[in-house]
Amino acid sequence: MHRHKFLRHAAAALAAAALLAAVVLAGLAAALPDTLYTDGPAAELEIASMPYLTVKKRQGSVAADSTTPDTSANVTLMLFGTLPVKTVRAVSTERRTVQVCGTPFGVKLFSDGALVVAFSDRYTALGSENPAKAAGLRLGDLIISANGRPVRSNEDLTAAIQAAGGAPLTVVYRRSGARHTATLTPTADENGHYKAGVWVRDSGAGIGTMSFVDPQRGTFAGLGHSISDADTGADLTLLSGEIVPVTITGCIRGAAGSPGELRGEFAAAPAGTVLANDAAGVYGSYTGSCTAPALPVANLQEVTPGEAKLWTTVLGTTAQPYTIQVERVTMTGSDPNRNLLIRVTDKRLLDATGGVVQGMSGSPIVQNGRLAAVLTHVLVNDPSRGYAIFATTMLEKADAVANSK
């Protein structure tokens, strides 16, 4: 009787242990990407943030007549060398080097259309009216034509409305990447001018930080996130843009619930042309001078929790390194802008800015002598902490821009 009871308890314990092991292995597998890049042999692949994972050694024999080494291979990562976790593709590739900046720059963007940022109702004896709302337009819509005439600016939209003379206009706009058509009928104000009841914006500007310059391809990368409209949060659809050097003249310190901000003066001469306003940053061709040091780019599996340096500029034009702590590394996930969670530990930076402030987006993060990541966001309720994107992601985007030039 007691023996049977003991066996039942033992079986239950083993089942629970097996279930726990399965959950742990599934979690580890989900945290690993399907493909990893390395500048060494695939069999020597290491995951810095998961030192307990090792590559399963090949058993048996291999072909003796092979003269050209394979540049990629499937490798199985093992937990403590015993339990298989996941088979990934390890691709051997030459390590890239870029000039790591951390210097401030100004971005001027002109939108490919007129972005709806606000509505203005008119009040009459019959009540309030708004032609744009009645036509189905919403905040964040991008108007690209009116009555067949391209809309590239506020002036273009105003001219199309006045030319219609109160007759209905066919308005073409984009919403969430999809193209739509609406019929808008303007109303006349007390002066006889026709109005659509909408405020639009056709350009934007701001201060950010340049992440790196690739001198071989003549490209730059900055911000680590897209430039969006301050009122609607919608990304600006790029028509044209340029970057200019900036001198940081001061800073509004960040506090819990109130993000700080760098203040600066724009130079007159442009230093490059913006070719892409992407979710992973701002990219383009670089024509300015750059004396930033050249550093190798870390592969994402080489980035690990621990100490690192944040290169950023809080006064003038010269970047300084500040100590930070990488608290978390996420190699997979739906949001590439949040691959790393970092915390500022350097007292100099905390005293000067309170931590991470607006304008520092794009500041490079260097770990073990390599460009590991780029700062993207600040935590509103804790300005000492922020998020970062892998530098390899931004380098891929910069390469795509260079290939499309």
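About the thresholds
Residues numbered from 1 in each chain as written. Predicted model: local features only at pLDDT ≥ 70, side-chain atom pairs only at ≥ 80, totals over all residues. Heavy atoms only, no water. Helix = DSSP H or I, 4+ residues; strand = E, 2+ residues; numbered from the N terminus. Buried < 20%, exposed > 50% of the residue type's maximum accessible area, 1.4 Å probe, protein only. Contact = heavy atoms within 4.5 Å. Areas by Shrake-Rupley, 256 points an atom, 1.4 Å probe, with all protein chains shown as cover. Phe/Tyr/Trp six-rings, centres within 6.5 Å; stacked < 30°, edge-to-face > 60°. Pairing = 2+ DSSP bridges. Axes fitted to C-alpha atoms, helices over the stretch in contact; angles between N-to-C directions. Disulfide = S-S within 2.5 Å. Expected span 1.5 Å × (residues − 1). Core = buried A, V, L, I, M, F, W, Y, C linked by side-chain atoms within 4.5 Å.

Chemist: Is there a simple way to explain the overall build of the protein chain in this structure?
Modeler: The helix and strand inventory of the protein chain stands at five helices and 26 strands. The burial tally for the protein chain puts 45% of its 405 residues in the buried class. When contacts within the protein chain are restricted to residue pairs at least 6 apart in sequence, those whose partners lie at least 24 apart make up 67%. When the accessible surface of the protein chain is totalled, it reaches about 20,200 Å², and 53% of it is carbon and sulfur.

Chemist: Mind showing me how you'd approach the packing of aromatic side chains here?
Modeler: Given two aromatic rings, one states the distance between the centres and the angle between the planes to describe the pair. Summed over the entire model, instances satisfying the criterion amount to two aromatic pairs. When the ring of Tyr52 is compared with that of Phe80, the centres are 6.2 Å apart and the planes differ by 50 degrees; the resulting orientation is tilted. Residue Tyr52 is located in the loop between strand E1 (35–38) and strand E2 (53–55), and its partner Phe80 is located in the loop between strand E3 (72–79) and strand E4 (83–92); the two are separated by 28 residues in the primary sequence. Since its relative accessible area comes to 30%, Tyr52 is described here as partly exposed. On the basis of an interplanar angle of 70 degrees and a centroid distance of 6.2 Å, the ring pair of Phe105 and Phe220 is categorised as edge-to-face.

Chemist: What's the story with the environment of Ala114 in this structure? I'm lost.
Modeler: Residue position: Ala114 is located in strand E5 (residues 97–119). You can call Ala114 buried: its relative accessible area is 0%. A sequence separation of 41 residues divides Ala114 from Glu155, and the C-alpha atoms of the two residues are 9.5 Å apart. Apart from residues no more than four positions distant in its own chain, Ala114 is found in contact with Asp141, Leu142, Ile143, Val151, Ser153, Val200 and Arg201.

Chemist: Explanation requested: the sheet that holds E2 in the structure shown.
Modeler: Pairing between the strands of a sheet comes from backbone hydrogen bonds, and it takes one of two forms, parallel or antiparallel. Taken in spatial order, the four strands of this open sheet run E1-E4-E3-E2, and their pairing is mixed. Every other strand in the sheet has two partners, leaving E1 and E2 as the edge strands with one partner each. On average, each strand axis in the sheet is inclined to that of its neighbour by 40 degrees, with strand direction left out of account. The pairing of E3 with E4 spans eight bridges and is classified as antiparallel. Note that in E4 the partner of Ala73 across the bridge is Ala90.

Chemist: Can you walk me through the state of the cysteines in this structure?
Modeler: Formally, a disulfide is one covalent bond, and it connects the sulfur atom of one cysteine to the sulfur atom of another. Scanning all chains against the criterion turns up zero disulfides. There is no disulfide at Cys101, and the cysteine sulfur nearest it, in Cys290, is 4.1 Å away.

Chemist: Is there a simple way to explain the sheet that holds strand E26 (residues 382–390) in this structure?
Modeler: Pairing is antiparallel around the closed barrel formed by six strands, whose spatial order is E21-E22-E23-E26-E25-E24. Each strand of the sheet is rotated relative to its neighbour by a mean of 45 degrees, with strand direction disregarded. Examined bridge by bridge, strand E21 (residues 306–312) and strand E24 (residues 364–367) share two bridges and lie antiparallel to one another. Within E24, the position partnered with Leu310 by the bridge is Ile365.

Chemist: Help me understand helix H5 (residues 391–404), please; the structure alone is not making it clear to me.
Modeler: One turn of the α-helix equals 3.6 residues, which is why residues spaced by three or four share an orientation. Here H5 contains 14 residues, and its C-alpha end-to-end distance of 20 Å stays within 8% of the 20 Å for a straight helix at 1.5 Å per residue. Every buried residue of H5 is listed here: Ala391, Thr392, Thr393, Met394, Leu395, Ala398, Asp399, Val401 and Ala402.

Chemist: Help me understand unusual backbone geometry in this model?
Modeler: Here the phi dihedral of Leu223 falls at roughly 70 degrees; this positive angle occurs in a residue that is not glycine. Phi at Asn368 is positive, roughly 55 degrees, even though this residue is not glycine. As for its position among the elements, Asn368 is in the loop between E24 and strand E25 (370–379). Its relative accessible area of 64% is what places Asn368 among the exposed residues.

Chemist: Looking at this model, I keep getting lost on the nonpolar core. Mind explaining?
Modeler: Where a protein is soluble and globular, its nonpolar side chains tend to be buried together. One finds Leu32, Leu340, Ile342 and Ile365 to be the most contacted residues of the largest nonpolar core, which totals 44 residues. Ile365 has contacts with Ala308, Lys309, Leu310, Ile324, Ile342, Arg370, Leu371, Ala372, Ala373, Leu375 and Ala388, leaving out every residue within four places of it along the chain. Listed in part, the 20 residues of the second largest apolar core include Leu157, Ile161, Val171 and Val200.

Chemist: Hey, could you run me through the environment of Val326 in this one?
Modeler: Structurally, Val326 is set in strand E22 (residues 320–329). Between the alpha carbons of Val326 and Thr304 there is a distance of 7.2 Å; along the sequence they are 22 residues apart. Those residues in contact with Val326 that sit more than four places away from it in its chain are Thr304, Pro305, Gly306, Ala308, Leu340, Leu341, Ile342 and Gln367.

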